[in-house]
2 protein chains.
Amino acid sequence: MSLPPNDELTSFFGELCDAAAAMTLPLFRSKLGVINKLDAGFDPVTEADREAERVIRELIEKRYPEHGIIGEEFGRSRPDAALQWIIDPIDGTRAFISGIPVWGTLIGLYENGVPVAGAMDQPFTRERYISVGGEARLSVDGGAGEILTTKSTKNLKDATLMTTSPHLFSEEWEQAYFKVEEEVKLFRYGCDCYSYCLLAAGQVDLVIESGLNVYDIAALIPIVEAAGGMVTDWQGGDASQGGAILACANQDIHKEALALLNG
Amino acid sequence: MSLPPNDELTSFFGELCDAAAAMTLPLFRSKLGVINKLDAGFDPVTEADREAERVIRELIEKRYPEHGIIGEEFGRSRPDAALQWIIDPIDGTRAFISGIPVWGTLIGLYENGVPVAGAMDQPFTRERYISVGGEARLSVDGGAGEILTTKSTKNLKDATLMTTSPHLFSEEWEQAYFKVEEEVKLFRYGCDCYSYCLLAAGQVDLVIESGLNVYDIAALIPIVEAAGGMVTDWQGGDASQGGAILACANQDIHKEALALLNG
C-alpha cells in the first residue's frame, strides 16, 4: 500500500470536503427550536456530525478500500492498514451550535503513524486548508489557493497566542498555560481547529490546548508543519496521538513557550 | 431635520458598508512582517480603521450635511444635530489583527439620543446585518436577506452566553459575571460585535460585556431590539451610551441574568 500521488490526494481531499460541506452547512445556524417542534429528538449538530463522517467514510471506502479509517463518530476500520484516514467531521461543535463559523471538518492522513497530509474545511467562510506533499495551501472560494507560511516572530513577548478556552485546562495545567499567556503580546480565546489554520496562515504565533483526541489534531499537524511551524506535546514530544498540544510558528517561539510550560 | 425614509436608509447603510469594506478587507490578514519591511511605521489595522471611518464620514457629509457624526477615530461633528451617525470602523481590532473574521464595521443612527437604525458588516464572511424601521435583516452575499428573530429560550440554565473575554472585567464585575456563567448551559468567548449579531439571529441567548463606548454599541442596539431582544446596562437601564452591557434574547432571560448580576 503506497501513498497516492500528490495531485490525486489534493483532488480527493477536495471531494471529501465538498461532500461533508453538503451535510454540515445546511444544518449550521438552523434554528433548533423550529426543528425541535417537528421532531423532539432531532439535534442539528449531531446529525451534521454523523452525516458528514458517513459520506467521508463512504468515499474513502470506495476509492481506497484497503486504507484504514479512524473517525470520531464511527470508530476504526482496518486498524492494521499502513495508511489511515483520521476524521473529525465537525471540530468545534460548541462553535457550531452557537452559530460561530470557526468550526471545521478535519481529515488527516497518516502513513505508518506519521501525519503526511490533511485538510480543514470551513464551508461558511469558504476557507479550505489542504496540506499535501509538504505544501500547505489556503483557498477561499475555490481555486488552487495560496501557499501558507508561518510567522517569523522571534520572541514570545511579541507573539499572539490562541486557545479555545482556559477553563478547559485542569488547575495544574492552567497555571502552566497562564505563564505563557502572561508573557505574550496578545491572546485570544475561542477558535478550536481554526486557530491552527490561522497559525499556518501566518496570522498568529502559537496555539496551546490540552485533552485533544487523535482526530482533533491529525489533519492539523501536516497543515502547520508544511507551513513551517511545529506541533508537539507540552514536553516537546510527538503530538500525533493528541493530548496536550503546543503548536508554534517557528523554533524560537516553541523553545520559549516550552520552557515556560515546564518551568 | 427628519429621519430619512426606510428604503433610503437601508440603501445608504449598504453604500456605507461597501465603502468601508473596500478599505478594511484588503488589509485583513495582510502579513504585518511583509508590509513592515516596506514601511516600518505602517500598521494595517490602524490604517484600515482610519480609512474606513474617513470614507463613511465623507459619504454621510455629502448625503446628509446637517446630520451629526460620532466616530471612534475622528471624534464629533455637529454635536447638536438631532440625527447622529455613530461609527466604529473596526469593532474587534484584536480579532482583526489575529485574522479571525468576527470583527465588524458598526454604523448606528440616533434620533434625539434614541437608537433608531444600525448596521454591522463583516466583509470576509459576507454577512451584513441591517436594522431599519424596526426590522432587522441578515444578508449573506447580498440581497434583501432574512428577517431576524431572537431565541425564545425560557430559562438561563438552557441558555448560551457570550462575552469577548472574562479578563476584560474588573475583579468585582468578574465575580458578578461568573454568577451568570455558572448558571448557563454553554458559554463562549471571543466575538466582540459579532456576538450581538448572533443574538439577533437567534443563535445565542445573551451577551455580557463591560467598558463599552457609545460607538461599540450604537449600531447593535437597533439590530438586537428589532429582532425581539433587549439591550440594557447591568442595572436594567439605558445602554445607548455604552458602559456595562447586558443584551438578551427576551425578557425571561434578561430578568434572570439581571437578578444574578445584582444578587
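Engineer: When you look at the nonpolar core in this model, what are you seeing that I'm missing?
Structural biologist: If you look at soluble globular proteins, the nonpolar side chains tend to sit buried side by side. Grouped together as the largest cluster of nonpolar side chains are 96 residues, with contacts concentrated most on Met120 and Tyr196 of chain A together with Met120 and Tyr196 of chain B. With residues up to four places along the chain from it excluded, the contact list for Met120 of chain A reads Trp103, Gly104, Thr105, Leu106, Glu127, Arg128, Tyr129, Cys193, Tyr194, Cys197, Leu220 and Ile223 of chain A. By size, the runner-up hydrophobic cluster in this structure holds 38 residues, among which are Phe187 of chain A together with Phe187, Tyr189 and Leu246 of chain B.

Engineer: Explain the sheet that holds strand 3 (residues 83–91) of chain A here, please?
Structural biologist: Two modes of strand pairing occur in sheets, parallel and antiparallel, and in both the strands are linked by backbone hydrogen bonds. Residue and element names in this part refer to chain A. What the eight strands build is an open sheet, ordered 2-1-3-4-5-6-7-8; its pairing is mixed. The open sheet is flanked by strand 2 (75–77) and strand 8 (146–147), the only strands paired with a single partner. When strand 4 (residues 104–111) meets strand 5 (residues 114–122), the two strands line up antiparallel, connected through seven bridges. Note that in strand 5 the partner of Leu106 across the bridge is Met120. Sitting on the sheet, helix 1 (residues 6–24) is in contact with strand 3, strand 4, strand 5 and strand 6 (127–132), with an inclination near 150° to strand 6.

Engineer: Honestly, the confidence of the model for chain A in this entry has me stumped. Any pointers?
Structural biologist: Close reading of the predicted structure is inappropriate where its pLDDT is low. Residues and elements named next belong to chain A. Looking at chain A as a whole, its pLDDT mean stands at 94, while 95% of the residues score no less than 70. The low-confidence segment residues 33–38, where pLDDT is below 50, has four contacts with residues more than four positions distant or belonging to other chains. Here the prediction assigns the complex a pTM of 0.94, and the interface score ipTM is 0.92.

Engineer: Before we go on, may I ask you to explain the interface of chain A and chain B in this structure?
Structural biologist: Accessible area lost when the parts come together is the quantity often used to give the size of an interface. Listed as interface residues are 39 residues of chain A and, on the opposing side, 39 residues of chain B. Together chain A and chain B conceal approximately 2,900 Å² of surface at their shared face, both sides included; 53% is due to carbon and sulfur atoms. Where chain A touches chain B, the interface holds six salt bridges. Linking chain A with chain B are 10 residue pairs in polar contact (both at pLDDT 80 or more), by the criterion used here. Elements with a contribution of two residues or more to the side of chain A that touches chain B: helix 4 (93–97), strand 6, strand 7 (135–140), strand 9 (160–163), strand 10 (186–189) and helix 6 (193–200) of chain A. A total of four residues in the side of chain A that touches chain B trace back to one element, the largest contributor, which is strand 10 of chain A. Of the residues in the side of chain A that touches chain B, the class split is 19 nonpolar, 12 polar and eight charged.

What counts, and where the lines are drawn
Residues numbered from 1 in each chain as written. Chains lettered and ligands numbered in written order. Predicted model: local features only at pLDDT ≥ 70, side-chain atom pairs only at ≥ 80, totals over all residues. Heavy atoms only, no water. Core = buried A, V, L, I, M, F, W, Y, C linked by side-chain atoms within 4.5 Å. Buried < 20%, exposed > 50% of the residue type's maximum accessible area, 1.4 Å probe, protein only. Contact = heavy atoms within 4.5 Å. Pairing = 2+ DSSP bridges. Helix = DSSP H or I, 4+ residues; strand = E, 2+ residues; numbered from the N terminus. Axes fitted to C-alpha atoms, helices over the stretch in contact; angles between N-to-C directions. pLDDT = per-residue confidence, 0-100. Buried area = accessible area lost by both parts, 1.4 Å probe. Salt bridge = Lys/Arg side-chain N within 4 Å of Asp/Glu carboxyl O. Polar contact = N/O pair within 3.5 Å; in protein donor to acceptor, adjacent residues only side chain to side chain. Nonpolar A, V, L, I, M, F, W, Y, C, P; charged D, E, K, R; others polar.

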